[in-house]
Amino acid sequence: TLSLHDALPISIQGGSVRILTSYEGLEALFIDISGGTVDLVSGDDGMNANGVEMFGPGFGGFGGGGAETLEEAECYLHISGGLVHVNASGDGLDSNGLLLIDGGEIYVSGPTNSGNGALDSGTSAIVHGGVIIAVGASGMDESFDASSTQMSIRHVFTVSIPGESRITLADRSGEILIDFTPAKQFNSVVLSHPDLTLGETYTLTCGDETAEIEITGMVTSNSRGFGGPGGGF
């Protein structure tokens with residue numbers, strides 16, 4: 001059992017970090033992953049960037065309002081490289097301030113209960129690069145903000161998809177851009193890939209369910225949900 005929790009920053013630049021069981025896998029004021037491999041399982045949040053712990057583990061303060069850069073953020077979760085796998089019973093990637101994705105490959109098997117989301121930000125959730133897919137329950141799901149520079153999809157299915165169901169996103173020619181098999185059931189899918197192109201149509205297949213999705217803007221969503229396009233409350 002291992003949990004990294006400190007008010008000091010966590011920086012992972014290479015190597016391999018494997019957390020087999022934890023309350024919250026990585027927790028700090030600033031979390032920065034630029035390389036290496038991170039594979040973690042958590043009973044609550046997979047990664048949690050938060051402020052001063054005021055009310056006990058996993059319940060930190062909120063970040064400053066509206067921060068969209070690392071310099072502005074009072075706390076942040078920043079991923080710019082590496083390979084990340086998160087299996088979280090609570091929020092998958094959670095920042096009480098800024099959630100910023102600049103690169104890397106990120107695969108999140110998030111919560112099955114609607115009180116948490118695969119992605120959760122306090123101020124902004126922004127993607128500028130990398131490959132990311134985050135799945136979980138739809139009650140508190142959040143998309144990336146329209147201020148992102150890389151396009152993303154948020155799709156909510158009307159049925160629950162069983163765990164261990166393969167997810168693929170393919171372009172018009174049939175080339176698979178994203179391929180992921182999450183550990184737990186889900187009905188919300190949020191994903192982003194550098195090749196997503198405005199006006200193009202992609203096929204999202206989740207187990208027996210299939211959706212044809214045309215990219216209509218920086219954030220293409222079939223459901224506003226709790227976070228709504230642009231994230232947050």
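Residues numbered from 1 in each chain as written. Predicted model: local features only at pLDDT ≥ 70, side-chain atom pairs only at ≥ 80, totals over all residues. Heavy atoms only, no water.

### With respect to the packing of aromatic side chains
- Evaluation of the coordinates by the stated rule reveals two aromatic pairs.
- A centroid spacing of 4.8 Å and a plane angle of 50° characterise the contact between phenylalanine 30 and tyrosine 76, whose relative ring orientation is tilted. Taken together, the residues phenylalanine 30 in strand β5 (residues 30-33) and tyrosine 76 in strand β8 (residues 76-88) connect sequence positions 46 residues apart.
- Taking the relative accessible area as the measure of exposure, tyrosine 76 reaches 14% and is therefore buried.
- For the pair tyrosine 107 and phenylalanine 180, a centre-to-centre distance of 5.5 Å together with 45° between the ring planes defines the contact as tilted. Here phenylalanine 180 lies in strand β16 (residues 176-180) and tyrosine 107 lies in strand β10 (residues 98-109), a separation of 73 residues in the sequence.
- By relative accessible area, which is 11% here, tyrosine 107 ends up buried.
- The exposure class of phenylalanine 180 is buried, given its relative accessible area of 8%. (Phe/Tyr/Trp six-rings, centres within 6.5 Å; stacked < 30°, edge-to-face > 60°. Helix = DSSP H or I, 4+ residues; strand = E, 2+ residues; numbered from the N terminus. Buried < 20%, exposed > 50% of the residue type's maximum accessible area, 1.4 Å probe, protein only.)

### Thoughts on the nonpolar core
- Counting residues in each nonpolar core, the largest one holds 30 residues, and the members touching the most others are Leu26, Ile33, Val38, Met47 and Leu93.
- Considering every element that reaches this core, the biggest residue donor is β8, with five residues.
- Not counting the four nearest positions on each side in its chain, isoleucine 33 is found in contact with Ile12, Leu26, Val38, Met47, His78, Ile79, Ser80, Gly81 and Val84.
- Core analysis: the second largest hydrophobic core is formed by 23 residues, Met151, Phe180, Leu191 and Ile215 among them. (Core = buried A, V, L, I, M, F, W, Y, C linked by side-chain atoms within 4.5 Å. Contact = heavy atoms within 4.5 Å.)

### Some details on the sheet that holds strand β15 (residues 167-170)
- The strand order β16-β15-β18-β19 describes an open sheet built from four strands, whose pairing is antiparallel. Strands at the two margins of the open sheet, each flanked by one partner only, are β16 and β19 (209-214). In this sheet, adjacent strand axes meet at a mean angle of 15° when their direction is disregarded. (Pairing = 2+ DSSP bridges. Axes fitted to C-alpha atoms, helices over the stretch in contact; angles between N-to-C directions.)

### Notes on empty space enclosed by the protein
- Considering all chains together, one arrives at one cavity of 30 Å³ or more under this definition.
- Put simply, the largest cavity is a space of about 40 Å³.
- As for the largest cavity, its lining consists of Ala118, Leu119, Ala134, Val135, Gly136, Ala137, Asp141, Glu142, Ser188 and Val190.
- Those elements that provide at least two residues to the lining of the largest cavity are β13 (131-136) and β17 (186-192).
- No other element matches the three residues that β13 contributes to the lining of the largest cavity.
- Of the residues in the lining of the largest cavity, the class split is six nonpolar, two polar and two charged. (1 Å grid on protein atoms, 1.4 Å probe; cavity = no way out; pocket = protein on both sides within 12 Å on 5 of 7 lines; lining within 4 Å. Points joined across faces, edges and corners; volume = space filled by probe spheres on them. Nonpolar A, V, L, I, M, F, W, Y, C, P; charged D, E, K, R; others polar.)

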